[in-house]
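Remarks on the overall topology
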Amino acid sequence: MMNWKSHPSYDGHEDVVFVGDEGLGFAGIVAIHSTVLGPSGGGVRVWTYPREEDALTDALRLSRGMTYKNAMAELPMGGGKTVIYKMGPDRGACFEKFGEQVQAIGGRYVAAEDVGATVSDMRAIARKTSYVSGIPKEGGQAGGDPSPWTSLGVFLSIKTLLGGAVQGRTIAVQGTGAVGLGLCKLLADEGAKLLVADVNATNLDRAKALGAEVVAVDRIHAAKADLFAPCALGAGLNTTTIPGLGAPIICGAANNQLATEEDGARLQARGIVYAPDYVVNAGGIISVSAEYIGETEAAVDARVRAIAPRLMKVLETAKAEGLTPHQAADRIVRERLAAAQRA
Ligand code: NAD
């Protein structure tokens, strides 16, 4: 079994639980970074990795990111994440088994959707545990697929960064999956010009149907645009892509966009404004958290609308203190966590 406490991405994580079932042919990792602010909340990612070690790296990094995201969004939740790196042929049975294993974690982790997981997967988990969110509810209660809320939070942030309107502005969207496509729709509805790239032809076609122009997957970051929105996977802002970025502002949904801490400084040195990923992509977890604690959709809407003003405060703090936006966001979160720990 992998030793997570000596892993380079270990950051004082409270626990790492290896889940799975040999007979069903599935395997995964639940990483619990922090429960200081509440039960650790974070999605279930279903993905394949070259090595098991890489799945652990992702689980550790993503769960830490959830602590920061949830604290920044002022949610009563800590940070956790599941990575399922091997899925068996009977998906429903795998998720039910996983539900039993989430139940055994005893409420320190609450599951929801992430890349590769769906509402029906959450329903399977819910047959075995109540420590799950992301399931549609009725009567104006918060619930269901969190990605439309993520799209809305990113869209409103983009609009604010562009001075209050997107009409006639060019936005390059990398990844037109659940969040990216939702974002494209909101942008197209308000008259933005869209440049898009995706490795999945079906998802790309959905964006094309909105009038978007297709750019090659390896050139989307360099497309001349008013703003670049990374909505695919992480680490897209790195030493290879940063010198060629074609937009002066970056604001998108993907988690862990900066490959390394230094890449934030590299963006700053190029005069590129970077909206920290976890500040702007909190819409989904806001919905998940509201569903878990029984809030209404109206409460989710209000919390999602607070994202753009919060982003502007982070950017102001960064400017005033000579930090990168990402450093400023991290500092705000660390203060919040320290205050909660003292309390
Ligand atoms: P998704 O799987 O529905 O969409 C991702 C899309 O990116 C897919 O269409 C995929 O084909 C595409 N893609 C993968 N590699 C690519 C590449 N190299 N170039 C271009 N496209 C590529 O996932 P999603 O739910 O839309 O999430 C997108 C990102 O936003 C992820 O990083 C996720 O962690 C993050 N995020 C999602 C939510 C949410 O509510 N779903 C919330 C916060 C953050």
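Residues numbered from 1 in each chain as written. Predicted model: local features only at pLDDT ≥ 70, side-chain atom pairs only at ≥ 80, totals over all residues. Heavy atoms only, no water.

1. Here we look at the packing of helix H11 (residues 307-321) against helix H12 (residues 325-342)
The test is simple: Between N-to-C directions, angles cover 0 to 180 degrees, with each direction set by a line fitted to C-alpha atoms, over the stretch in contact for helices. Strands are runs of DSSP state E lasting at least 2 residues, helices are runs of H or I lasting at least 4, and numbering of each runs from the N terminus. Reported orientations rely on four angle classes, namely roughly parallel under 35 degrees, roughly antiparallel over 145, roughly perpendicular from 65 to 115, and oblique for the rest. Residues are treated as being in contact if the distance between any of their heavy atoms lies within 4.5 Å. Under the scheme applied, nonpolar residues are Ala, Val, Leu, Ile, Met, Phe, Trp, Tyr, Cys and Pro; charged residues are Asp, Glu, Lys and Arg; polar residues are all the others, including Gly.
Interaxial distance between H11 and H12 falls to 8 Å at its minimum, and their mutual angle equals 105°. Judged on the interaxial angle alone, H12 and H11 are roughly perpendicular. Side by side, H11 and H12 meet where Val314, Leu315, Thr317, Ala318 and Glu321 of the first sit next to Pro325, Ala328, Ala329, Arg331 and Ile332 of the second. Along the lines of polarity and charge, the residues of the contact of H11 with H12 split into seven nonpolar, one polar and two charged.

2. Notes on the pairing of strand E8 (residues 193-197)
Within a regular beta strand, the side chains point alternately toward one face of the sheet and then the other, so they alternate between its two faces. Stated precisely, the cut-off is as follows: Buried residues are those whose accessible area, probed at 1.4 Å on protein chains only, stays under 20% of the maximum for their type, while exposed residues exceed 50% and partly exposed ones sit between those limits. Note: two strands are recorded as paired if DSSP finds a minimum of 2 bridges between them. With strands facing away from the observer, any crossover in which the path from the first strand over the helix to the second runs clockwise is taken as right-handed.
A large share of E8 lies buried, amounting to four of its five residues. As paired strands, strand E7 (residues 170-174) and E8 are joined by five bridges and run parallel to one another. Paired with Ile171 across the strands is Leu194, a residue of E8. The handedness of the E7 to E8 crossover, carried by helix H5 (residues 178-189), is right-handed.

3. Section: the nonpolar core
Stated formally: The nonpolar core is taken to be a set of buried Ala, Val, Leu, Ile, Met, Phe, Trp, Tyr and Cys residues, with the residues joined through side-chain atoms within 4.5 Å.
Ranked by size, the top nonpolar core spans 57 residues in total, and within it Ile158, Ile171, Val173, Leu183, Leu187 and Leu227 carry the most contacts. The element that contributes the greatest number of residues to this core is helix H4 (residues 147-161), accounting for seven residues. Among residues more than four places away in sequence, those in contact with Val173 are Gly180, Leu183, Cys184, Leu187, Leu194, Leu195, Val196, Ala197, Ile220, Ala229 and Cys231. Core analysis: the next-biggest nonpolar cluster, separate from the first, contains 21 residues, Phe26, Ile105, Tyr109 and Tyr131 among them.

4. Focus on helix H9 (residues 283-293)
Among the eleven residues of H9, nine are classified as buried, and the element is accordingly described as predominantly covered. Of all the residues in H9, the buried ones are Gly283, Gly284, Ile285, Ile286, Ser287, Val288, Ser289, Ala290 and Glu291. On its buried face, H9 is in contact with strand E3 (40-41), helix H1 (52-72), H4, helix H10 (297-305) and H11.

5. Regarding the site of the ligand
What counts, and what does not: If a single non-hydrogen atom of a residue is within 4 Å of a molecule or strand, that residue counts as near it. Contacts described as polar in this section are N or O atom pairs within 3.5 Å, which, within protein, must combine one atom able to donate a hydrogen with one able to accept it, while residues neighboring in sequence count only if both atoms come from side chains. Per-residue and other accessible areas were derived by the Shrake-Rupley procedure at a 1.4 Å probe size, with only the shown protein chains allowed to occlude residues. Segment limits for the domains were obtained from an automatic or database-derived domain assignment.
If you check the shell around the ligand, you find 24 residues, and the closest are Arg45, Thr150, Asp198, Asn203 and Ala232. Take Val179: an N or O atom from its main chain is 2.8 Å from an oxygen atom of the ligand. Take Asn203: an N or O atom from its side chain is 2.7 Å from an oxygen atom of the ligand. When the ligand is considered free in solution it has 820 Å² of accessible area, and contact with the protein chains removes 83% of it. Looking at the shell around the ligand residue by residue, the classes come out as eleven nonpolar, nine polar and four charged. A domain split of the shell around the ligand shows at least three residues from each of domain 1 (4-62 + 80-126) and domain 2 (147-280 + 311-333).

6. Some words on H12
What counts, and what does not: Under the convention used throughout, the expected extent of a helix is 1.5 Å for every residue step, that is, one less than its residue count.
The end-to-end C-alpha distance of H12, which contains 18 residues, comes to 26 Å, matching closely the 26 Å that a straight helix rising 1.5 Å per residue would cover. Those residues of H12 lying buried are Pro325, His326, Ala328, Ala329, Asp330, Ile332, Val333 and Leu337. Looking at the buried side of H12, the elements it contacts are H1, helix H7 (261-269), strand E12 (273-274), helix H8 (277-280) and H11.

7. Here we look at the pairing of strand E1 (residues 15-21)
When E1 meets strand E2 (residues 26-34), the two strands line up antiparallel, connected through seven bridges. Pairing of Val16 across the sheet is with Ala31, part of E2.

8. Some thoughts on the side chain of Thr82
Within the secondary structure, Thr82 sits in strand E5 (residues 78-86). Here Tyr109 takes part through its side chain, which lies 2.9 Å from a polar atom of the side chain of Thr82. Those residues within four positions of Thr82 in sequence are excluded, and the remaining contacts are Ile29, Val30, Gly43, Val44, Arg45, Phe98 and Tyr109.

9. As for the packing of H4 against H11
Let me state the cut-off plainly: By convention, the crossing between two helices is left-handed when the near helix turns anticlockwise from the far helix through less than a right angle, and right-handed when the turn is clockwise.
Interaxial distance between H4 and H11 falls to 8 Å at its minimum, and their mutual angle equals 50°. Overall, the two elements H4 and H11 adopt an arrangement that is oblique. Judged by the twist between their axes, the crossing of H4 over H11 is right-handed. Taking contact as the criterion, the partners of Gly153, Leu156, Ser157, Thr160 and Leu161 in H4 are, on H11, Ile307, Ala308, Leu311, Met312 and Leu315. Residues that form the contact of H4 with H11 fall into these classes: seven nonpolar, three polar and no charged.

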